[in-house]
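Here is what each chain is made of, one letter per residue.
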Amino acid sequence: MGFLTGLFWLAAVIAGAMAAGWAFRTAVITVSPHGLAKEFRTMPLTAGFGLLMIAIYILVAVFAPAIAPFSETEIVGREYQPWDDVHLLGTDNLGRDMLSRLIYGARNTVGIAFATTALAFTLGSVLGLLAAVVGGWLDQLLSRAVDVLMAIPALIFALLLLTIVGTSVINMILVIAVIDATRVFRLARAVAMNIVVMDYVEAAKLRGEGLWRLITREILPNAMAPLVAEFGLRFCFVFLTISALSFLGLGIQPPTADWGSMVRDNATLISFGDITPLLPAGAIALLTVSVNFVVDWQLHRASGLRE
Amino acid sequence: MTDTNKEVLLSMKGLRIEGRADEEWTEIVKGIDLTLHKGEVLGLIGESGAGKSTIGLAAMGFARDGCRISGGEITFDGIDLRAASEPERRGLRGKRIAYVAQSAAASFNPAHKLIDQYAEAPVQHHVMSRSEAEHDAVELYRRMQLPYPEEIGFRYPHQVSGGQLQRAMTAMAMSCRPDLIIFDEPTTALDVTTQIEVLAAIRDIVEQFDTAAIYITHDLAVVAQMADRIKVLLRGEEVEEADTRTMLDAPTQDYTKSLWAVRSFTRPTQPPVEKGVTPVVSVRNVTAAYGTINVLKNISFDIHARRTVAVVGESGSGKSTAARVITGLLPPRRGEILFNGEALPPDYRKRTREQLRQAQMIYQMADTALNPKLKIRDLIGRPAQMYLGLQGKALTDRIKDLLSLIELEPNDYIDRVPSELSGGQKQRIGIARALAAEPQFIICDEVTSALDQLVAEGILKLLDRLQGEFDLAYMFITHDLATVRAIADEVVVMKEGLVVEAGPKLEVFQPPHDPYTELLLSSVPEMDPDWLTHLLEEREAGRAGADVEPAGH
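On a predicted model such as this, the values are computed, not experimentally measured, just so you know.

## Quick notes on the overall build of chain A
(1) Moving on: When helices and strands are counted, chain A shows 12 helices and 0 strands.
(2) Moving on: Each helix and strand of chain A, placed in order from N terminus to C terminus, yields the pattern α-α-α-α-α-α-α-α-α-α-α-α.
(3) Moving on: Viewed in the frame of its principal axes, chain A has a C-alpha envelope of about 70 × 50 × 40 Å.
(4) Moving on: By residue count, 43% of the 307 residues in chain A fall in the buried class.
(5) Moving on: Residue pairs at least 24 apart in sequence account for 68% of intrachain contacts in chain A once pairs closer than 6 positions are excluded.
(6) Moving on: Accessible surface, chain A as shown: approximately 15,300 Å² in total, 73% of it carbon and sulfur.
(7) Moving on: Within chain A, the 21 negative side-chain charges are centred at a point lying 9 Å from the centre of the 19 positive side-chain charges.

Structure (structure tokens):
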């Protein structure tokens, strides 16, 4: 019986999610201008759901102080209070309101992940495009340096570097950005390599165009699709790395709310059959899945696949 | 040659095929009737987008991804292909109906030896055992006149030349002795000299085994050699169908007549260049190499203002390399390039902006030569902005002038991106981009070879008109001698990095020829259905360049 109920709930959740995706897509199509509406019409329901979820996360992150019933760090009750009318999701190991921390966590975790990914992308794609266009010794130098960095497993390397430079938010952003930039570099270089040999790039070179214009006008627009798709994926990885580091105690430091460390702090509750510590983990999973839905759609569009 | 008493092998009635584009189904084949008798060769001819290949595939009961057969009947030897189950159809394919694709290089699996791929179909269909198939392969390779038939099967696809690969492909299609073979542009990607060998081999083998064939091509002269009957298609509809001879001598429809007339454009003969005039571009004793292999060996030629020099040769003869040396992409090992009498720096990076402006290039594939993300306004406007410093309204006016020059309506096209243009229109944009720099000299690298004949004709006329208006000098790289006849003033024949013959068009095209020029000239198919037969007889008798090996063998 329990299995069947579980199955029913699963089906209901999927149906609900798809319905939400459909409603969101219809709404977006009606409000956006003509050109954009045409793009959205090709959007599958999964991507619609993903976009809706991302939008909700962003709203929550931006308006956290307005939404959260209590402050992020204030102790408002006893430890591990169960769910009730005042503390909708109970309290954590120090007696702080769980729901409020979950909401503030969106701001910290998502914000830092976005900053890190953006930095990794700027660094990785600029260097990757440069290596592909200039070639020769610059390409060799950058590629070999990247090879060396990539030879060490990412998480261990991050732990190592953070132990050396000390834990702070800025340091963490820089370390993860550098490590992830190596992956972006390889993709950007590979994509640009295929574009550099096109006749239009040759024509631009023969016209006497400078390096900057060559990269920004001729190559980058044509490399955009795979890079955007990679951005989504990379965002998920960075997100997971931050949560993992926080779980290990080297990431975002207390008392700042962060989903990774929230799982760790409240882990003991799991032995009592309470699902509260799984909520931050669920928030991470939902965002990751949502981003991937959108990325899939973009990849599909970029590669020109049909059906 | 048509024998209507013979049994009907394949018939299509009211065939309709739809293709999916932008979430909608549009009809691409609109009710075609087709009857093919046993042992008969039917030529399907038309421009790109006429639906030739789609019909060819439909003869196997197959539709490409994103296409569906939406109406009509296809009957092959009494079997209704539309009603047949997929396993049934699969049983026919390769065994009773075979397919030879345009690019043999792309159709062979590069990881397996030729003979392994040959044996695949007969073994799969239980026609022969593996050892029988191998034995049979050697026999067919011999009949296809492949060199070393005993050993060639044990090579990988990249180890044999393009023409040999295409013949091996035809032999492979023959392996199960099918009743019907579909040839989809089998010689389009080949040089003229190689094309002859493949055509002769295909014709022989089809006759020997009395196989029926559908021969798809856009080249009229080729189809005239191969087919008993010709069907002309236009945008998925039949224009007319008749015996080859009737069709060539007396086409009834206007469209067919216009196809036939395409090769009529000829540029009037120009007076010879006066002595002592400095040529615009002068290639002096240039030797150039990729790595250690010399691709150009001490070549020299001049190009004068208002003159077109056609550089002709097979693939691998070094004609494109010559263009790369002139533009500075490949600095030569020895020799120099003079521009109006002054030596240009060998590397394009060392040339001044003015020197770069004076020499422009138009590419073969307009698809890859135009940045797909830029609007026409930016594509054409950039050279004008960069070299001539035009801005704002002056720039827009200049772009509109250029668009009118290439016969495109300025306001309609200025804000489009290349994907919203047809092949011929893209090539016109390529021309406009070259003109925008106001150069003295333009290199045209196979500019018409990717285009349909009617469209190519328009491009050649446009280039000719622009030359007169702007006193341009052209270097016209091509392997198509019909194009050379149409547009050139002077011809440079190249083979394996050497200039074999050079001079005014009339001189090069009149005997006595260099033997290689003779071979090239005699290999250009003519619209006479007996041309191939006569040529082969002549070569047998030891004339018409018989003793010259084509380049790349």
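## Some words on the confidence of the model for chain A
(1) Moving on: Mean pLDDT over chain A stands at 86; residues scoring 70 or higher make up 98%.
(2) Moving on: Mean pLDDT values over the elements of chain A span from 75, in helix H2 (residues 34-41) of chain A, up to 93, in helix H6 (residues 136-150) of chain A.

## Examining the side chain of lysine 231 of chain B
Residues and elements named next belong to chain B.
(1) Moving on: Structurally, the position occupied by lysine 231 is in strand E9 (residues 229-234).
(2) Moving on: Side-chain polar atoms of lysine 231 contact the backbone oxygen of aspartate 33, separated by 2.7 Å.
(3) Moving on: Sequence-distant contacts of lysine 231, that is, excluding residues within four places in its chain, are made with Ile32, Asp33, Leu34, Leu42, Gly43, Leu44, Ile45, Glu238, Glu240 and Glu241.

## What about the interface of chain A and chain B?
(1) Moving on: Opposite the 16 residues of chain A that make contact, chain B presents 22 residues.
(2) Moving on: Here chain A packs against chain B, burying approximately 1,900 Å² in sum over the two surfaces, 53% of which is carbon and sulfur.
(3) Moving on: For chain A, the biggest contributors to the area lost against chain B are Asp199, Leu206 and Arg207 of chain A; these three give 34% of the whole.
(4) Moving on: Linking chain A with chain B are 3 salt bridges.
(5) Moving on: Our count for the chain A to chain B interface comes out at 9 residue pairs in polar contact (both at pLDDT 80 or more).
(6) Moving on: When contributions to the side of chain A that touches chain B are tallied by element, the ones reaching two or more residues are helix H9 (199-207) and helix H10 (211-248) of chain A.
(7) Moving on: For the side of chain A that touches chain B, the element with the most residues is H9 of chain A, which contributes 7 residues.
(8) Moving on: For the side of chain A that touches chain B, the residue count by class is 5 nonpolar, 2 polar and 9 charged.

## Some thoughts on the pairing of strand E13 (residues 308-312) of chain B
All names here are of chain B.
(1) Moving on: Counting buried positions over the 5 residues of E13 gives 5, a clear majority of the element.
(2) Moving on: Neither face of E13 is exposed, since Thr308, Ala310 and Val312 on one face and Val309 and Val311 on the opposite face are all buried.
(3) Moving on: Examined bridge by bridge, E13 and strand E18 (residues 473-478) share 5 bridges and lie parallel to one another. Note that in E18 the partner of alanine 310 across the bridge is phenylalanine 476.
(4) Moving on: Across 4 bridges, E13 lies against strand E19 (residues 490-495) in parallel orientation. Within E19, the residue paired with valine 311 across the bridge is valine 492.

## Regarding unusual backbone geometry
All names here are of chain B.
(1) Moving on: A positive phi angle, close to 50°, is found at arginine 177, a residue other than glycine.
(2) Moving on: Within the secondary structure, arginine 177 is located in the loop between helix H7 (162-173) and strand E7 (180-184).
(3) Moving on: Relative accessible area serves as the criterion here: at 31%, arginine 177 is assigned to the partly exposed category.

## Observations regarding the packing of aromatic side chains
(1) Moving on: What the rule picks out here adds up to 8 aromatic pairs over all chains.
(2) Moving on: Look at tyrosine 57 of chain A and tryptophan 259 of chain A: their rings are 5.9 Å apart centre to centre, the planes differ by 70°, and that puts the pair in the edge-to-face class. Highlighted residues: tyrosine 57 of chain A in helix H3 (residues 45-62) and tryptophan 259 of chain A in helix H11 (residues 259-265), separated in sequence by 202 residues. Residue tyrosine 57 of chain A shares its accessibility class with tryptophan 259 of chain A, and that shared class is buried.
(3) Moving on: For the ring pair phenylalanine 183 of chain B and tyrosine 215 of chain B, a centre distance of 5.8 Å and an interplane angle of 35° mean the geometry is tilted. In this pair, phenylalanine 183 of chain B is assigned in strand E7 and tyrosine 215 of chain B in strand E8 (residues 212-217), connecting sequence segments 32 residues apart.
(4) Moving on: For phenylalanine 183 of chain B, a relative accessible area of 0% puts it in the buried group.
(5) Moving on: Note on tyrosine 215 of chain B: relative accessible area 1%, which makes it buried.
(6) Moving on: Through a chain of ring-to-ring contacts, three or more aromatic side chains come together here, namely Tyr57, Phe235, Phe239 and Trp259 of chain A.
(7) Moving on: Against the face of tyrosine 413 of chain B rests arginine 416 of chain B, its NZ or CZ located 4.4 Å from the ring centre.

## Considering the packing of helix H5 (residues 98-134) of chain A against H6 of chain A
A packed helix pair is summarised by two numbers, namely the angle formed by the two axes and the spacing between the axes.
Residues and elements named next belong to chain A.
(1) Moving on: Across the interface, H5 lies against H6 with an axial gap of 7 Å and an inter-helix angle of 145°. Between H5 and H6 lies a crossing of left-handed hand. Between H5 and H6, the residues in contact are Leu127, Leu130, Ala131 and Val134 and Gly136, Leu138, Asp139 and Leu142, respectively.

What counts and how
- Residues numbered from 1 in each chain as written.
- Chains lettered and ligands numbered in written order.
- Predicted model: local features only at pLDDT ≥ 70, side-chain atom pairs only at ≥ 80, totals over all residues.
- Heavy atoms only, no water.
- Helix = DSSP H or I, 4+ residues; strand = E, 2+ residues; numbered from the N terminus.
- Buried < 20%, exposed > 50% of the residue type's maximum accessible area, 1.4 Å probe, protein only.
- Contact = heavy atoms within 4.5 Å.
- Areas by Shrake-Rupley, 256 points an atom, 1.4 Å probe, with all protein chains shown as cover.
- Lys, Arg positive; Asp, Glu negative; His and termini not counted.
- Charge placed at Lys NZ, Arg CZ, Asp CG, Glu CD.
- pLDDT = per-residue confidence, 0-100.
- Polar contact = N/O pair within 3.5 Å; in protein donor to acceptor, adjacent residues only side chain to side chain.
- Buried area = accessible area lost by both parts, 1.4 Å probe.
- Salt bridge = Lys/Arg side-chain N within 4 Å of Asp/Glu carboxyl O.
- Nonpolar A, V, L, I, M, F, W, Y, C, P; charged D, E, K, R; others polar.
- Pairing = 2+ DSSP bridges.
- Phe/Tyr/Trp six-rings, centres within 6.5 Å; stacked < 30°, edge-to-face > 60°.
- Lys NZ or Arg CZ within 6 Å of the ring centre and 35° of its normal.
- Axes fitted to C-alpha atoms, helices over the stretch in contact; angles between N-to-C directions.
- Left-handed = near helix turned anticlockwise from the far one by under 90°.

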